[in-house]
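Tertiary structure, described
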Amino acid sequence: MEEEEEGKGGGERVLCDYCLQTASCNRKGAQEDLLICTDCQAKAHPSCMDYSSDLARRARRSPWQCIDCKTCCLCEDAGDPDAMLFCDACDKGYHMSCHSPVIEDKPTGKWVCSRCCQEIEADAPETTFCGSCVLMFCYRLRTGGCIDSPSVSGSSSWVTDVPNAADWSIDEVAQYFSNIGFIHQSEIFREQEIDGRSLLLLKRSDVLTGLSFKLGPALKIYSHVQQLQLRGQPVQ
Ligand SMILES: [Zn+2]
Ligand SMILES: [Zn+2]
Ligand SMILES: [Zn+2]
Ligand SMILES: [Zn+2]
Ligand SMILES: [Zn+2]
C-alpha cells in the first residue's frame, strides 16, 4: 500500500502491471514514467499498453483510468460500455451520445474525440482529415497513411505489427492479451489453457460466448484473434 502512494513520476518500487518493471526500466530498457489508474491503482508503462508517444503524453495531462475502470469523461459514468468510445489520441472514454457532436454510428477504425481533433489541428496545422473517416480524424495520416481498413466492426485496436502466435505457450498468449489491455481477460485465457495453436483455431462463437467475456471486450479480443489468425496459420 505505502508503495503506491508515492507512485507517480519515477517512484523506484512501483511496478508496471504488465512487465513488472519500475519506471526506470520499461521493456526496451528505457526510463518511462508509469501511468497509475486513479480508480484501481493499476500501473503501466504507456509503451506496455502500446500507447504511441503522443498518446502517452496526452494521457499524462489528466488523471488516467485503466481500460477496466474507464468512464465517460463527460457524464463520468461507466455504464453502457457498448456505446463508449475511446479516443485514440487522449485515451479518454466518451459515450457516443455524450460526445459533441453526438456520434450516431459506432466508428470501426481509429477514432479521435473532437477536443483532440482541435488540439491536433492547432499543434500541427498541416494534418489532414481523412476523407473516408468523416467525423473521425485519422490520426495515422500524420505518420503514414490511413489505416482504417477495419476487418471487424467494433475494433478500436491500433494494429502495427501482428506477431506470429503459432508457437506461443499458454503464458505467452495470456501475456499478449494482458499487454494489449485485456488484463482480466488474459487470466481467462490462461485458465482455459489456450496456447498459440488453440488461439489460432478459436472461432467467433468461442470468443464471444465460450470464454465468458463481456460482449464489448469479446468483440475487441476477437478482432485481435482474427488478426493473429490471418498472420499465422497453425502448423498442421
Ligand atoms: Zn511495463
Ligand atoms: Zn483501473
Ligand atoms: Zn457519457
Ligand atoms: Zn481525445
Ligand atoms: Zn482514415
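For the protein chain, the Subcellular location (unreviewed entry) comment in UniProt is given as "Nucleus".

Bringing the pattern of salt bridges into the picture now. A complete count under the given rule lists three salt bridges for this structure. Among the salt bridges present, the one from K70 reaches D91, with a minimum N-O distance of 2.7 Å. Here D91 lies in the loop between β3 (84-86) and β4 (93-95) and K70 lies in the loop between α2 (53-59) and β3, a separation of 21 residues in the sequence. We classify K70 as buried; its relative accessible area is 7%. D91 sits in the buried class, given a relative accessible area of 10%. The shortest N-O distance in the salt bridge between D171 and R190 comes to 2.4 Å. Residue D171 is found in helix α5 (residues 170-179), and its partner R190 is found in helix α6 (residues 183-191); the two are separated by 19 residues along the sequence. Taken together, the shared-partner salt bridges in this structure form one network comprising D171, E187 and R190.

Every protein donor of the zinc ion (ligand 1) is listed here as C16 (SG), C19 (SG), H45 (ND1) and C48 (SG), and their distances to the metal cover 2.0 to 2.3 Å. Taken together, the four donor atoms coordinating the zinc ion (ligand 1) span angles of 97 to 117° at the metal, a pattern that classifies the geometry as tetrahedral. Sequence positions of the donors to the zinc ion (ligand 1) reduce to the motif C-x2-C-x25-H-x2-C. Grouping residues by exposure puts H45 and C48 together as buried.

Next up on the list: α5. Because each turn of an α-helix spans 3.6 residues, side chains separated by three or four positions in sequence point in the same direction. When α5 is considered as a whole, its buried residues turn out to be V173, A174, Y176, F177, S178 and N179. For α5, the secondary structure elements touched by its buried residues are α6, α7 (196-201) and α9 (215-231). Count one or two residues on from α5 and you reach G181, which has phi positive near 110°.

Our next topic: the packing of aromatic side chains. The geometry of an aromatic ring pair comes down to the distance between the two centres and the angle between the two planes. This structure, assessed with the given rule, holds four aromatic pairs. Taking the centre distance of 5.0 Å and the plane angle of 45° together, the rings of W168 and Y176 count as tilted. Taken as a pair, W168 and Y176 share a single burial class, namely buried. Ring centres of Y176 and F177 lie 5.2 Å apart, and the angle between their planes is 85°; on these two criteria the pair is classed as edge-to-face. Taken individually, Y176 and F177 each receive the classification buried, so the pair is uniform in this respect. One aromatic cluster in this structure is built from W168, Y176, F177, F189 and F213.

F177, F189, L199, F213, I221 and L228 are the most contacted members of the largest nonpolar core, which totals 23 residues. Looking at this core, the elements with two or more residues in it are α5, α6, α7, α8 (204-210) and α9. Broken down by element, this core gets its largest block of residues, five residues, from α9. Apart from the residues within four sequence positions on either side, F189 is in contact with V173, F177, I194, L199, L202, L211, F213 and I221. Core analysis: the next-biggest nonpolar cluster, separate from the first, contains 18 residues, V14, L35, A42 and M49 among them.

Conventions used here
Residues numbered from 1 in each chain as written. Chains lettered and ligands numbered in written order. Predicted model: local features only at pLDDT ≥ 70, side-chain atom pairs only at ≥ 80, totals over all residues. Heavy atoms only, no water. UniProt positions renumbered as here; feature names shortened; annotations may be inferred. Salt bridge = Lys/Arg side-chain N within 4 Å of Asp/Glu carboxyl O. Helix = DSSP H or I, 4+ residues; strand = E, 2+ residues; numbered from the N terminus. Buried < 20%, exposed > 50% of the residue type's maximum accessible area, 1.4 Å probe, protein only. Donors = N, O, S within 2.8 Å, 3.2 Å for Na, K, Ca; no water. Tetrahedral: all angles 85-135°; square planar, octahedral: opposite > 155°, others 65-115°. Contact = heavy atoms within 4.5 Å. Phe/Tyr/Trp six-rings, centres within 6.5 Å; stacked < 30°, edge-to-face > 60°. Core = buried A, V, L, I, M, F, W, Y, C linked by side-chain atoms within 4.5 Å.

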